[in-house]
Amino acid sequence: MMFAKKVQDYKERIFDVNEIKSFDDSQAKKNIFYETGQTVGAVWCLKPGQELYFHSHKRADDIWICIEGDSGMYYPECGESVEISKGMVCVARPGEKHGMKNTGSTDFVFIGIAGPVPLDLIRHELE
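Residues numbered from 1 in each chain as written. Predicted model: local features only at pLDDT ≥ 70, side-chain atom pairs only at ≥ 80, totals over all residues. Heavy atoms only, no water.

Engineer: Give a description of the nonpolar core that names residues and reports values.
Structural biologist: Core analysis: the biggest nonpolar cluster contains 14 residues, and Leu46, Met100 and Phe110 have the highest contact counts within it. Listing elements by their share of this core, those giving two or more residues are strand S2 (40–46), strand S4 (61–68), strand S7 (89–92) and strand S9 (108–115). Tallying contributions element by element places S2 first for this core, with three residues. Dropping the residues within four chain positions of it, Phe110 is found in contact with Ala42, Val43, Trp44, Leu46, Leu52, Trp64, Ile65, Cys66, Ile67 and Met100. (Core = buried A, V, L, I, M, F, W, Y, C linked by side-chain atoms within 4.5 Å. Buried < 20%, exposed > 50% of the residue type's maximum accessible area, 1.4 Å probe, protein only. Helix = DSSP H or I, 4+ residues; strand = E, 2+ residues; numbered from the N terminus. Contact = heavy atoms within 4.5 Å.)

As structure tokens, this is what we get:
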């Protein structure tokens, strides 16, 4: 017979995005909620007009799961853009450039899962 446990019994394994997400009026905000020896998870929060810098990772996959937002622009390469919104998933494999801008009128939130860790970060110019 299985006994139901409370979410709090698994606070290192079950997370509530609404308790994690927070915004910064001056820039996109990364809210890390877990890290293991293999991956790291963060909730990224962008106010309208804010951007997440264009970058890549030499060894890591970076997966973004869009959970809030009416419109954003994903930058998969220099000079290229793709419109994204809530419900979409963006995948950047090792060496693939990526970044985004909240082009909508509402807050944009996505969950980022990346690994392996530690992550390296290479910033790039968009154009």
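Engineer: How would you explain the pairing of S7 if you had to name every residue and give the values?
Structural biologist: Only one face of S7 is covered, namely the face carrying Cys90 and Ala92; the face carrying Val89 and Val91 is uncovered. Here four bridges tie S4 to S7, and the two strands are oriented antiparallel to one another. By the bridge assignment, Ile63 is partnered in S7 with Val91. (Pairing = 2+ DSSP bridges.)

Engineer: Break down the pattern of salt bridges for me, with residues and values.
Structural biologist: In the structure shown here, the tally under the stated rule is three salt bridges. Between Lys21 and Glu68 there is a salt bridge whose closest N-O contact spans 2.5 Å. Of this pair, Lys21 sits in the loop between helix H1 (17–20) and strand S1 (29–35) while Glu68 sits in strand S4, and the two are 47 residues apart along the sequence. With relative accessibility at 23%, the residue Lys21 sits in the partly exposed group. Glu96 serves as the salt-bridge partner of Arg93, at 3.9 Å between the closest nitrogen and oxygen. Arg93 gets classed as partly exposed once you look at its relative accessible area, which sits at 47%. (Salt bridge = Lys/Arg side-chain N within 4 Å of Asp/Glu carboxyl O.)

Engineer: Tell me about the side chain of His55, residues and numbers included.
Structural biologist: Tracing the chain through its elements places His55 in strand S3 (residues 51–56). Overall, His55 belongs to the buried group, its relative accessible area being 3%. From its side chain, His55 meets the backbone oxygen of Tyr53 in a polar contact 2.8 Å long. Once you skip the residues sitting within four places of it in the chain, His55 turns out to touch Asp62, Trp64, Glu96, Lys97, His98, Leu121, Ile122, Arg123 and His124. (Polar contact = N/O pair within 3.5 Å; in protein donor to acceptor, adjacent residues only side chain to side chain.)

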